[in-house]
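Here are the chains, one letter per residue:
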Amino acid sequence: MHGRVEEARALIAAARQVVVLTGSGISAESGIPTFRGAGGLWKGMRVEDFATPEGFNRRPLEVWNWYTRRRAELEDSRPNSGHVALAEMQRHVEARGGSFVLATQNIDGLHQVAGSTGVLELHGTLRTARCQACPRRQPMPAQPADALPPCPDCGAPLRPDVVWFGEALPEDVLIAATDAASRCDVFVSVGTSAVVYPAAGLVEWALSAGAKAVEVNLEPTPISRLVDVPLHGKAGEILPQLVPEPSQ
Ligand code: OAD
């Protein structure tokens, strides 16, 4: 394992363009449960109930209030050493004139709190709500409601600003992530089961363009056999070891 960590760090230290894709595993050490870790239930709800348009249409207020509770819990969540290491890695790569793109499937915003910039949020964010009819976005409340709040601009009901199963990802964000993956020399996948497309396809874009790939995950995933350097362990322990030394 030590040799592989060194290998991954050397790849990152030498890369001109680095792309990192994160999933819910990076926030596990901040106390936020992963999606597929708890027998299909996430804080007492099935994914189909809270993460699909059909679930929202069936029980809009219940789903809205499920997200207000998640928003409230974020107040107590702090970035962990994995988030912090990725922010440091970005500073390192950019300081030597390279490009660093962090794409995340997470909606918790902890990368930005840790200092990462330009984060591509593939699945939206828990920090804002958006209007179902017009472009209005505003902060997501942390208090439960008695009715879906109306949009202050047009009066249509608001909804969480997240991407649900069956919905399209924000086009500009997906294009930026795909473009970056197709140009990078090193792609790092962190804490994702790598089964939800199109995010899971980013590593394939990178590999087919000739990039080296590193995976950091507690356990093997469908992409472990494809990557050059699979690293199995906790993101919060491994990622700090991948940040190049200041002189590298
Ligand atoms: P998953 O729950 O599918 O996968 C989490 C991954 O993190 C697993 O492979 C775990 O082995 C790994 N893991 C857990 N703890 C870890 C740790 N401390 N360090 C490193 N790895 C760890 O979550 P995602 O891959 O993020 O989409 O799920 C992808 C998408 O499916 C989510 O964004 C969400 C979900 O349904 C939507 O809601 C659209």
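Colleague: Would you explain the overall build of the chain in this entry?
Modeller: Counting secondary structure elements, the chain contains ten helices and eleven strands. Its C-alpha atoms give the chain a radius of gyration of 18 Å, near enough to 18 Å, the size a compact globule of 248 residues would have. With the C-alpha coordinates of the chain rotated into their principal frame, the extents come out at 55 × 35 × 30 Å. For the chain, the residues scored as buried account for 51% of the 248 residues in total. If you take every contact in the chain between residues at least 6 apart in sequence, the share linking residues at least 24 apart comes to 66%. A total of about 11400 Å² of accessible surface is found on the chain, and carbon and sulfur atoms cover 54% of it.

Colleague: So what exactly am I meant to see when it comes to the site of the ligand here?
Modeller: In the vicinity of the ligand there are 22 residues, among which Ser24, Arg36, Thr192, Ser193 and Asn217 approach most closely. With respect to the ligand, the side chain of Thr192 contributes an N or O atom lying 2.7 Å from an oxygen atom. In the model, a nitrogen atom of the ligand is placed 2.9 Å from a nitrogen or oxygen of the Ala235 main chain. Partitioning the shell around the ligand into residue classes produces seven nonpolar, eleven polar and four charged.

Colleague: Would you mind showing me how to read the sheet that holds strand 6 (residues 124–131) here?
Modeller: One key point about sheets: their strands pair by backbone hydrogen bonds, in either a parallel or an antiparallel sense. Pairing in this open sheet of three strands is antiparallel, and the strands run 7-6-8 from one edge to the other. The sheet is open, and its two borders are formed by strand 7 (137–139) and strand 8 (158–162), each paired with just one other strand. In this sheet, adjacent strand axes meet at a mean angle of 45° when their direction is disregarded.

Colleague: What exactly am I supposed to notice about unusual backbone geometry here?
Modeller: It is generally the case that most residues other than glycine have a negative phi and that most peptide bonds are trans. For the bond running from Tyr197 to Pro198, omega is 5°, close enough to zero to count as cis. For Pro198, the position within the fold is in the loop between strand 9 (186–190) and helix 9 (202–208). In this structure, Ala194 is a non-glycine residue whose phi angle is positive, near 55°. With respect to the element layout, Ala194 can be found in the loop between strand 9 and helix 9. On the basis of relative accessibility, which here comes to 10%, the residue Ala194 falls in the buried class.

Colleague: Sorry if this is basic, but what is going on with helix 8 (residues 171–183) here?
Modeller: Side chains of residues three or four places apart in an α-helix project in the same direction, reflecting 3.6 residues per turn. Along its 13 residues, helix 8 runs 18 Å from first to last C-alpha, staying within 8% of the 18 Å computed at 1.5 Å per residue. Those residues of helix 8 that sit buried are Val173, Ala177, Thr178, Ala180 and Ala181. Around the axis of helix 8, the buried residues are gathered within 165° of arc, so they sit on the same side. Along helix 8, exposed side chains directed more than 90 degrees from the buried face belong to Glu171, Asp172, Ile175 and Arg183. In this fold, the buried residues of helix 8 make contact with strand 1 (17–22), strand 4 (99–104), strand 5 (120–121), strand 9 and helix 9.

Colleague: Would you take a moment to explain helix 5 (residues 60–74) for this structure?
Modeller: Counted at 1.5 Å a residue, the expected span for helix 5 with its 15 residues is 21 Å, and the 21 Å between its end C-alpha atoms agrees. Looking at helix 5, one finds that the buried residues are Val63, Trp64, Asn65, Trp66, Tyr67, Thr68, Arg70, Arg71 and Leu74.

Colleague: Would you mind showing me how to read the pattern of salt bridges here?
Modeller: Side chains that carry opposite charge are capable of pairing whenever their charged atoms lie near each other. A complete count under the given rule lists 15 salt bridges for this structure. The closest approach of N and O atoms between Arg9 and Glu6, which form a salt bridge, is 3.0 Å. With Arg9 and Glu6 both in helix 1 (residues 2–14) and three residues apart, the pair spans about one turn of that helix. With a relative accessible area of 33%, Glu6 lands in the partly exposed category. The partner of Asp161 in a salt bridge is Arg130, and the shortest N-O contact between them spans 3.2 Å. Of this pair, Asp161 sits in strand 8 while Arg130 sits in strand 6, and the two are 31 residues apart along the sequence. Here Arg130 falls in the partly exposed class, since its relative accessible area comes to 23%. It is possible to trace a salt-bridge network through shared partners that takes in Arg46, Glu48, Asp49, Arg58, Arg59 and Glu62.

Reading the values: the criteria
In every chain, residue numbers begin from 1 and rise along the written sequence. It should be noted that, the model being predicted, local features are given only for residues of pLDDT at least 70 and side-chain atom pairs only at 80 or more, the latter also being counted only at that level, while totals for whole chains, interfaces and linings use all residues. Working from all heavy atoms in the structure, the side-chain values ignore hydrogens and water. Strands here are runs of E lasting at least two residues and helices are runs of H or I lasting at least four, both read from the DSSP assignment and numbered beginning at the N terminus. The globule rule is 2.2 Å times the number of residues to the power 0.38, and the radius of gyration it is compared with is taken over C-alpha atoms. Note on classification: 1.4 Å probe, protein chains only; a residue is buried when its accessible area is under 20% of the maximum for its type, exposed when over 50%, partly exposed between these limits. Contact between two residues is taken to exist if any of their heavy atoms lie within 4.5 Å; hydrogens are not considered. Accessible surface area values rest on a Shrake-Rupley calculation with a 1.4 Å probe, where residue burial reflects the displayed protein chains alone. Proximity is defined per residue: any heavy atom of the residue falling within 4 Å of a molecule or strand makes that residue near it. Here a polar contact is recorded for every N or O atom pair within 3.5 Å, except that within protein the pair must consist of a potential hydrogen donor and a potential acceptor, and residues adjacent in sequence are included only if both atoms are side-chain atoms. Gly falls in the polar group here, along with every residue not listed as nonpolar (Ala, Val, Leu, Ile, Met, Phe, Trp, Tyr, Cys, Pro) or charged (Asp, Glu, Lys, Arg). Paired strands, as defined in this entry, are two strands with at least two bridges between them according to DSSP. Each axis is a line fitted through C-alpha atoms, and for a helix only the stretch in contact is used; angles between axes span 0 to 180 degrees, taken between their N-to-C directions. Take the residue count of a helix, subtract one, and multiply by 1.5 Å to get its expected span. In this description, the arc belongs to the directions extending from the helix axis to the C-beta atoms. Only one rule defines a salt bridge in this text: a Lys or Arg side-chain nitrogen within 4 Å of an Asp or Glu carboxyl oxygen.

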